[in-house]
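Analysis of the macromolecular model
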Amino acid sequence: MAQIDAGEILPNDHVQQMAAEGRVTQMHRGHQYADEGDTFEIDGTEFAVTDVTHRTLGDMTDEDAQREGSEDLDAYKERMKKVHGSFEWDDDSEVVRHRFAPVEE
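No experiment lies behind these values; they were computed from the predicted model shown.

1. Examining the overall build of the chain
A count of helical and extended segments in the chain gives three helices and four strands. Helices and strands appear in the chain in the N-to-C order α-β-β-β-α-α-β. Relative to the globule expectation of 13 Å for 105 residues, the C-alpha radius of gyration of the chain, 13 Å, shows essentially globular dimensions. Residue burial in the chain is summarised as follows: out of 105 residues, 39% are buried. Restricting to contacts in the chain with at least 6 residues of sequence separation, those with at least 24 account for 67%.

2. Points about the sheet that holds strand S4 (residues 94-102)
Sheet architecture is open: four strands sit in the order S1-S4-S3-S2, paired in antiparallel fashion. With partners counted over all chains shown, the strands left at the sheet margins are strand S1 (26-29) and strand S2 (39-42), one partner each. Each strand axis lies, on average, 35 degrees off the axis of its neighbour in the sheet, ignoring direction. With four bridges connecting them, S2 and strand S3 (residues 45-56) associate as antiparallel partners.

3. With respect to unusual backbone geometry
In terms of backbone geometry, most residues other than glycine have negative phi values and most peptide bonds are trans. The phi dihedral of Asp43 is positive, around 50 degrees, even though this residue is not glycine. Residue position: Asp43 is located in the loop between S2 and S3. Judged by its relative accessible area of 63%, Asp43 falls in the exposed class.

4. A few points about the environment of Asp64
On the secondary structure map, Asp64 appears in helix H2 (residues 62-67). In sequence terms Asp64 and Ala75 are 11 residues apart; their C-alpha atoms lie 12 Å from each other. Not counting the four nearest positions on each side in its chain, Asp64 is found in contact with Gln26, His28, Arg55, Asp59, Arg97 and Arg99. Within the local environment of Asp64, its side chain forms a polar contact with the side chain of Gln26, the two groups lying 3.0 Å apart.

Basis of the calculations
Residues numbered from 1 in each chain as written. Predicted model: local features only at pLDDT ≥ 70, side-chain atom pairs only at ≥ 80, totals over all residues. Heavy atoms only, no water. Helix = DSSP H or I, 4+ residues; strand = E, 2+ residues; numbered from the N terminus. Rg over C-alpha atoms; globule rule 2.2 N^0.38 Å. Buried < 20%, exposed > 50% of the residue type's maximum accessible area, 1.4 Å probe, protein only. Contact = heavy atoms within 4.5 Å. Pairing = 2+ DSSP bridges. Axes fitted to C-alpha atoms, helices over the stretch in contact; angles between N-to-C directions. Polar contact = N/O pair within 3.5 Å; in protein donor to acceptor, adjacent residues only side chain to side chain.

Given below as structure tokens:
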């Protein structure tokens, strides 16, 4: 277990704020940026990484998209195209899901 910077998992201040508000509880990334048990802090709240799973984009569901702050998977795909310019959805692309939750005291 390690203390990591929130930016390792959550790519920008907007997404970090959404996590602090409980609207984002996981993040898929192209590589593994944390291990289960790692912790990070946002606005004085400590979060723990609860699950790290290697998957493909084709494994993603509407629930996954909602946990990442999108209405559904179609909205998530559109957001990825906007954020990553040249991004093309490929069901076979490997990604890593990082799930996290506030640490209960």
